[in-house]
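Report on the structure
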Amino acid sequence: MAGSVAIGVSLAQKDVDFYIHELYEINFFGAKVYITTTHVCTLIIFITIIALAIAARRSVLKKRDVPSKFATGVELAISTLDSFVHGAMGKAGKKYINYIGTLFLFVIFSNISGLFGLRPPTADYGTTLCIALVSFVMIQYAAIRYQKWGAFKSLFEPIFLFFPINVISEFATPISLSLRLFGNVMAGTVMMALYYGMLPIFFKFGIPSALHVYFDLFSGAIQAYVFCMLTMTFVADKRNVEG
Amino acid sequence: MNEVHVEGLVSACSAIGAGIAVCSGIGPGIGQGIAAGYGASAVGRNPGAKGDIMSTMLLGQAVAETTGLYGLVVALLLMFVKPFGK
């Protein structure tokens, strides 16, 4: 009994691998800091996005009679993004389109990086919390910039007794944003790791492609869309309170 | 079954707790189903507005999913980080 349990535990720990691995150790002012798989995957994604951006710029700027297919695709993507941001934010979308586009590209590339055997950086709570904190700063900046003192006054909204509740609800925004993204991507990563780690070898051909389509492509795209949409909704909400 | 080790007891209770925590998926399941049902009926009534209805429905479903994901995160912490087992 005890032997079989021990075998099961060791098998599970050996084969099921969705942990963040520490690759390289750095001594940072006396504290141990690690370069993890998250950093490496984030760097790979950065390089991919930058290479794509440079290729898009070159193909769009090239002078020719008929634009190439790639340039047409880039223009289509940009116009889709434009209508997406302007549809959610109205006229104010012009200022935020750069940020929203970058955010969307990064989140969707990291969500679908599970397809290519990387560990998605968004399955690390550090990454999602940082993105959500950037969005939080942006939301609060929009509130203070466009409502001036109304931003502080709205914390005391119905009566002053509601101050702690309003403060908590403000700070719940980045937490719920980051946990939503993290939970979805982490669930997909854990499910794929369990599937690949626990089942015998003849299950690993063909069937996982359907799981990959759901967990990596569909769920990742939905979560990237929702993250950007919620950021835009919150910012637009803060900007348009007085009318 | 002579004696119960503390580590074994803690992992067993963590596994039970993780199972209970994942029960938080019931609520978002019901909520997402309701949203999808109303979305389908809205598309049936007004097929022209399918794009808007789809995006609104997906946004609402994703927000409703959050509480279920909190339970999932708690379950993952209990199973793999083991905060009580040293």
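Throughout what follows, the structure given in this document is the object of discussion. None of the values given here were measured: they were computed from a predicted structure.

This part takes up the overall build of chain A. For chain A, the helix and strand inventory stands at eight helices and two strands. Listing every helix and strand of chain A by position from the N terminus yields α-β-β-α-α-α-α-α-α-α. Counting only C-alpha atoms and orienting by the principal axes, one finds that chain A spans roughly 70 × 65 × 40 Å. Residue burial in chain A is summarised as follows: out of 243 residues, 40% are buried. Contacts spanning at least 24 positions in sequence make up 67% of the contacts within chain A whose residues lie at least 6 apart. Element-wise, carbon and sulfur atoms account for 72% of the exposed surface of chain A, whose accessible area totals about 14,800 Å². With 19 positive and 13 negative side-chain charges, chain A shows a separation of 9 Å between the mean positions of the two kinds.

Quick look at the interface of chain A and chain B now. Across the contact, 17 residues belong to chain A and 13 residues belong to chain B. With both sides pooled, the region where chain A packs onto chain B buries about 1,300 Å², and carbon together with sulfur makes up 78% of that total. Its largest share of buried area at the contact with chain B, chain A owes to Leu179(A), Arg180(A) and Tyr225(A), together 31% of the area lost on that side. Linking chain A with chain B are zero salt bridges. The interface formed by chain A and chain B contains two residue pairs in polar contact (both at pLDDT 80 or more). Counting residues per element, the side of chain A that touches chain B draws most heavily on helix H7 (residues 163-198) of chain A, which supplies nine residues. Among the residues forming the side of chain A that touches chain B, the class breakdown is twelve nonpolar, four polar and one charged.

All right, on to the pattern of salt bridges then. All names here are of chain A. Enumeration according to the criterion identifies one salt bridge over all chains in this entry. Two residues, lysine 238 and glutamate 170, come together in a salt bridge whose shortest N-O distance is 2.9 Å. Here lysine 238, found in helix H8 (residues 207-239), pairs with glutamate 170, found in helix H7; they are 68 residues apart in sequence, far enough to count as distant. Each member of the pair, lysine 238 together with glutamate 170, is buried.

With that settled, consider helix H2 (residues 37-61) of chain A. Residues and elements named next belong to chain A. Taking 1.5 Å per residue as the helical rise, H2 with its 25 residues ought to reach 36 Å, and the 36 Å between its terminal C-alpha atoms agrees with that figure. Listed as buried for H2 are Thr37, Thr38, Cys41, Thr42, Ile45, Ile49, Ala56 and Ser59. Each element contacted by the buried residues of H2 is listed here: strand E1 (22-28), strand E2 (31-36), helix H3 (69-89), helix H4 (93-112) and helix H5 (125-147).

This paragraph deals with unusual backbone geometry. Residues and elements named next belong to chain A. The backbone of phenylalanine 29 shows a phi angle near 50 degrees, a positive value even though the residue is not glycine. Judged by its relative accessible area of 80%, phenylalanine 29 falls in the exposed class. Unusually for a residue other than glycine, lysine 148 sits at a positive phi of about 50 degrees. By the element assignment, lysine 148 lies in the loop between H5 and helix H6 (150-153). For lysine 148, a relative accessible area of 55% translates into the label exposed.

The subject of this paragraph is the pairing of E2(A). Residues and elements named next belong to chain A. Relative to E2, E1 is paired through six bridges, and the arrangement is antiparallel. Residue pairing across strands places phenylalanine 28 opposite alanine 31, the latter belonging to E2. Between the antiparallel neighbours E1 and E2 lie two residues, among them phenylalanine 29 with a positive phi of about 50 degrees.

Moving on: the packing of helix H2 (residues 26-45) of chain B against helix H3 (residues 50-64) of chain B. All names here are of chain B. For the pair H2 and H3, the least separation of the axes is 9 Å and the interaxial angle reads 170 degrees. Compared by their axis directions, H2 and H3 come out roughly antiparallel. Contact with H2, carried on its side by Pro28, Gln32, Ala35, Ala36, Gly39, Ala42 and Val43, involves Lys50, Ile53, Met57, Gln61 and Ala64 of H3 and no other residues of that element. In terms of residue class, the contact of H2 with H3 is made up of eight nonpolar, three polar and one charged.

Analysis parameters
- Residues numbered from 1 in each chain as written.
- Chains lettered and ligands numbered in written order.
- Predicted model: local features only at pLDDT ≥ 70, side-chain atom pairs only at ≥ 80, totals over all residues.
- Heavy atoms only, no water.
- Helix = DSSP H or I, 4+ residues; strand = E, 2+ residues; numbered from the N terminus.
- Buried < 20%, exposed > 50% of the residue type's maximum accessible area, 1.4 Å probe, protein only.
- Contact = heavy atoms within 4.5 Å.
- Areas by Shrake-Rupley, 256 points an atom, 1.4 Å probe, with all protein chains shown as cover.
- Lys, Arg positive; Asp, Glu negative; His and termini not counted.
- Charge placed at Lys NZ, Arg CZ, Asp CG, Glu CD.
- Buried area = accessible area lost by both parts, 1.4 Å probe.
- Salt bridge = Lys/Arg side-chain N within 4 Å of Asp/Glu carboxyl O.
- Polar contact = N/O pair within 3.5 Å; in protein donor to acceptor, adjacent residues only side chain to side chain.
- Nonpolar A, V, L, I, M, F, W, Y, C, P; charged D, E, K, R; others polar.
- Expected span 1.5 Å × (residues − 1).
- Pairing = 2+ DSSP bridges.
- Axes fitted to C-alpha atoms, helices over the stretch in contact; angles between N-to-C directions.
- Parallel < 35°, antiparallel > 145°, perpendicular 65-115°, else oblique.

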